[in-house]
Amino acid sequence: MSKSWYMVQTYTGYEDKIERTIRMKLDAGEIDSSVLTDVKVPKTEEVVENKSGKKITRKNKILPGYIMLEMDLPQIGWKTTCSEVRRIQGVNGFVGTDPNVRPRPITNAEAKNILRMSGDIKADKVSKINQPYAVGDKVKVISGAFASFEGDVEAIDAEKGRLHILLQIFGRSTPVDVALGEVEKLIS
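Values in this document were obtained by computation on a predicted structure and should not be read as measured data.

1. Observations concerning the overall build of the protein
Helix and strand counts for the protein come out as four helices and 11 strands. Taken over C-alpha atoms, the radius of gyration comes to 21 Å for the protein, far larger than the 16 Å a tight globule of 188 residues would show. Expressed along its principal axes, the backbone C-alpha trace of the protein runs to roughly 60 × 40 × 25 Å. Within the protein, the proportion of its 188 residues that are buried is 34%. For the protein, the accessible surface area stands at approximately 11,900 Å², while carbon and sulfur atoms represent 50% of it. Across the protein, 29 positive and 26 negative side-chain charges occur, with their mean positions spaced 2 Å apart.

2. With respect to helix α3 (residues 108-118)
Along α3, the residues classified as buried are A111, I114, L115 and S118. Down the axis, α3 shows its buried residues gathered within 95° of arc, on one side only. Where α3 is buried, its residues meet β1 (4-10), β2 (36-40), β3 (43-49) and β5 (66-71). Two residues or fewer past α3, G119 is found with a positive phi of approximately 85°.

3. A word on the sheet that holds strand β11 (residues 183-185)
Pairing is antiparallel in the open sheet, where five strands are placed in the order β10-β9-β8-β7-β11. If you trace the sheet from one side to the other, it starts and ends with β10 (172-179) and β11, each paired once. Adjacent strand axes in the sheet meet at a mean angle of 40°, parallel and antiparallel pairs treated alike.

4. Comments concerning the environment of P132
Mapped onto the fold, P132 is located in the loop between α4 (125-130) and β7 (138-141). Exposure remark for P132: the relative accessible area of 55% places this residue in the exposed category. Measuring from C-alpha to C-alpha, the distance between P132 and I187 comes to 13 Å, with 55 residues separating the pair along the chain. Among residues more than four places away in sequence, those in contact with P132 are D137 and K185.

5. Considering the side chain of E70
Inspection of the secondary structure assignment puts E70 in strand β5. Buried charge E70 goes without a salt bridge, the closest partner of opposite sign being K3 at 4.8 Å. Setting aside residues up to four positions removed in sequence, E70 forms contacts with K3, S4, W5, V35, L36, T37 and D38.

6. As for the packing of aromatic side chains
Under the defined criterion, the tally for this structure stands at three aromatic pairs. Residues F146 and F149 carry aromatic rings whose centres are separated by 6.3 Å and whose planes lie at 70° to one another, so their mutual orientation is edge-to-face. Note on F146: relative accessible area 31%, which makes it partly exposed. On the basis of relative accessibility, which here comes to 29%, the residue F149 falls in the partly exposed class.

Conventions and cut-offs
- Residues numbered from 1 in each chain as written.
- Predicted model: local features only at pLDDT ≥ 70, side-chain atom pairs only at ≥ 80, totals over all residues.
- Heavy atoms only, no water.
- Helix = DSSP H or I, 4+ residues; strand = E, 2+ residues; numbered from the N terminus.
- Rg over C-alpha atoms; globule rule 2.2 N^0.38 Å.
- Buried < 20%, exposed > 50% of the residue type's maximum accessible area, 1.4 Å probe, protein only.
- Areas by Shrake-Rupley, 256 points an atom, 1.4 Å probe, with all protein chains shown as cover.
- Lys, Arg positive; Asp, Glu negative; His and termini not counted.
- Charge placed at Lys NZ, Arg CZ, Asp CG, Glu CD.
- Arc of directions from axis to C-beta.
- Contact = heavy atoms within 4.5 Å.
- Pairing = 2+ DSSP bridges.
- Axes fitted to C-alpha atoms, helices over the stretch in contact; angles between N-to-C directions.
- Salt bridge = Lys/Arg side-chain N within 4 Å of Asp/Glu carboxyl O.
- Phe/Tyr/Trp six-rings, centres within 6.5 Å; stacked < 30°, edge-to-face > 60°.

Here you go:
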């Protein structure tokens, strides 16, 4: 047996409540802690300015309506843990399977991507070095909402693997925060 991440579909807005319920059941011994080892509601942090101009940190769910469970499911006896999770109010079930079928884990690449986006694991140093950027470089956005726009690098956040760039949108300079993988360097 090996640990894998599983996705559980929930009612939207109930993710944090279900995470607390699962943690309480683990502490009370209702769910075997050697089988279910971790629970996460993947979130990103964003600094925004409220109406009075004060900067606040807001947490946004990456996947509303889903939580991640790290489990080491045994071949025999998996139904006990899975049915205990399914019985929690607000849980719809494991993604991609029927209640009578053993749940399938998400791939390691998918799990790493979600955990990297939430900041639970740091981005690989290799991806930071792949395409070096400097302040003032011309870049083109290749994916996301601003795909095909061109702009200048204003600041680099190497720890998070993000670039702050100025795009020309409708004739105005607009600051945008994008991941390194969403842009490509333009050769002058």
